[in-house]
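# Secondary and tertiary structure notes
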Amino acid sequence: FFMLYNRLKKLRKENNLTQKDISKILEISQSLYSLYESGKKNIPITIFSKLAKKYNTSIDFLIGDTDTKTPFIEN
């Protein structure tokens, strides 16, 4: 699970975003996003979906099931 939280933080920083920036995109409070990023609160699938779209990646990448950053494309 540490990979998940590290990836969220790394992606956020690579995109020059603050927790407040991401929380606005997700339409949640910064304090709630902080709990997600630190692993103190479980992340709902709807939030994973929004994060994957924002970072142009897949949920599989976010949770560490793959190291391929490219999002899944349906045929």
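Below or above, wherever it landed, is the structure these notes cover. Quick caveat, the model's predicted, so the values are computed rather than measured.

Of all the positions in helix H2 (residues 19–26), only Gln19, Ile22, Ser23 and Leu26 are classed as buried. Down the axis of H2, the sector holding all buried residues measures 100°, keeping them to one side. Of the exposed residues in H2, those oriented more than 90 degrees away from the buried face are Lys20 and Lys24. Considering only its buried residues, H2 is in contact with helix H1 (2–14), helix H3 (30–38) and helix H4 (45–54). Immediately beyond the C-terminal end of H2, within one or two residues, lies glutamate 27, with a positive phi of roughly 60°.

This part covers the environment of leucine 11. Relative to the assigned elements, leucine 11 resides in helix H1. Take leucine 11: its relative accessible area is 3%, and that puts it in the buried class. Linking leucine 11 and glutamate 27, residues 16 residues apart in sequence, is a C-alpha distance of 18 Å. Setting aside anything within four residues of it in sequence, one finds leucine 11 in contact with Tyr55, Phe61, Leu62 and Lys69.

The rules behind these values
- Numbering of residues begins from 1 in every chain and follows the order in which that chain's sequence is written.
- Predicted model: local features are reported for residues with pLDDT of at least 70 only, side-chain atom pairs are reported and counted for 80 or more only, and whole-chain, interface and lining totals are derived from all residues.
- Excluding hydrogens and water, the side-chain figures rest on all heavy atoms present in the structure.
- Only protein chains enter the accessibility calculation, which uses a 1.4 Å probe; a residue is then buried when its area is under 20% of its type maximum, exposed when over 50%, and partly exposed in between.
- Numbering of helices and strands runs from the N terminus; a helix is a DSSP stretch of H or I covering at least four residues, while a strand is a stretch of E covering at least two.
- Working note: the arc is built from the helix axis to C-beta atom directions.
- Contact between two residues is taken to exist if any of their heavy atoms lie within 4.5 Å; hydrogens are not considered.

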